[in-house]
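Survey of secondary and tertiary structure
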Amino acid sequence: MRTLYEALNSRDVEKVHRLLAPDLEWWFHGPPSHQHLMRLLTGSTEPFAFVPLTFAAFGSLVIVEGYNKERSVCWVHAWTVTDYGIITKVREYFNTSLTVARLANSEPDEGGSASQSSVDVVNCQSVWRSKLCDDKSVPGLVLAL
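These remarks concern the structure in this document. (Residues numbered from 1 in each chain as written. Predicted model: local features only at pLDDT ≥ 70, side-chain atom pairs only at ≥ 80, totals over all residues. Heavy atoms only, no water.)

What to know about the pairing of strand β3 (residues 61-68)
A large share of β3 lies buried, amounting to 7 of its 8 residues. Pairing of strand β2 (residues 52-58) with β3 involves 6 bridges; the strand directions are antiparallel. Note on β3: the bridge partner recorded for Ala 57 is Val 62. The hairpin turn running from β2 into β3, its antiparallel successor, is 2 residues long, and Gly 59 in that turn takes a positive phi close to 65°. (Buried < 20%, exposed > 50% of the residue type's maximum accessible area, 1.4 Å probe, protein only. Helix = DSSP H or I, 4+ residues; strand = E, 2+ residues; numbered from the N terminus. Pairing = 2+ DSSP bridges.)

Rendered as structure tokens:
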């Protein structure tokens, strides 16, 4: 992931193309004026630097959080990476508080009635939370694993 951000910030298009799948799936949450990553990926010369401050990995999902001082915006990228190191999906969040949660089904009690046995119980465990937007009034979202 660090290699990708170095390539993005130095505008090394060839290196970026080697790391990204040609059919990259991209999802964005934030003001349309903050679609800086899409602009960079499509050839814009916009002077926006992505400076990653934290990295966290959960299987094939890599979370990267950063802050751009010049624009006073915090951002989170959630990248899906194959076993071969190719990035196939990115979810981008700008000025959004993000919580990553792992969902797991639990078996209902064996002593329960027939109507209770057909109900799935879902446990939700928070495994990561963005920190850079804590002092701002921003929307919050949950990314479920």
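Moving on from the coordinates now.
Some remarks on helix α1 (residues 2-10)
Within the span of α1, buried status applies to Leu 4, Tyr 5, Ala 7 and Leu 8. When α1 is viewed along its axis, its buried side chains cluster within an angular range of 160° and face the same direction. Away from its buried face, by an angle of more than 90 degrees, α1 presents the exposed residues Arg 2, Glu 6 and Ser 10. Phi for Arg 11, located one or two positions after α1, is positive at around 60°. (Arc of directions from axis to C-beta.)

A few points about the nonpolar core
Counting 20 residues, the largest nonpolar core has Leu 4, Tyr 5, Phe 50, Trp 79 and Phe 94 as its most contacted members. Of all the elements in the fold, those that place two or more residues in this core are α1, β1 (20-29), α3 (36-41), β3, β4 (73-81) and β5 (87-94). Among all residues touching Leu 4, those that are not within four sequence positions of it are Val 16, Leu 19, Leu 20, Trp 79 and Ile 87. By size, the runner-up hydrophobic cluster in this structure holds 11 residues, among which are Ala 56, Ala 78, Tyr 93 and Leu 143. (Core = buried A, V, L, I, M, F, W, Y, C linked by side-chain atoms within 4.5 Å. Contact = heavy atoms within 4.5 Å.)

Considering the sheet that holds β4
Across the sheet, which stays open at both edges, the 5 strands sit in the order β1-β5-β4-β3-β2 with mixed pairing between neighbours. Strand pairing shows two members of the sheet lacking a second neighbour, β1 and β2, which therefore form its edges. The mean inter-strand angle of the sheet, taken between neighbouring strand axes irrespective of direction, is 20°. Against the sheet, α1 touches β1, β2, β3, β4 and β5, its axis set at about 125° to β4. (Axes fitted to C-alpha atoms, helices over the stretch in contact; angles between N-to-C directions.)

Remarks on unusual backbone geometry
Non-glycine residue Arg 11 carries a positive phi angle of around 60°. Its location among the elements puts Arg 11 in the loop between α1 and α2 (13-19). Positioned with a positive phi, Asn 95 is a non-glycine residue whose angle comes to about 45°. Looking at the element boundaries, Asn 95 is found in the loop between β5 and β6 (97-106).

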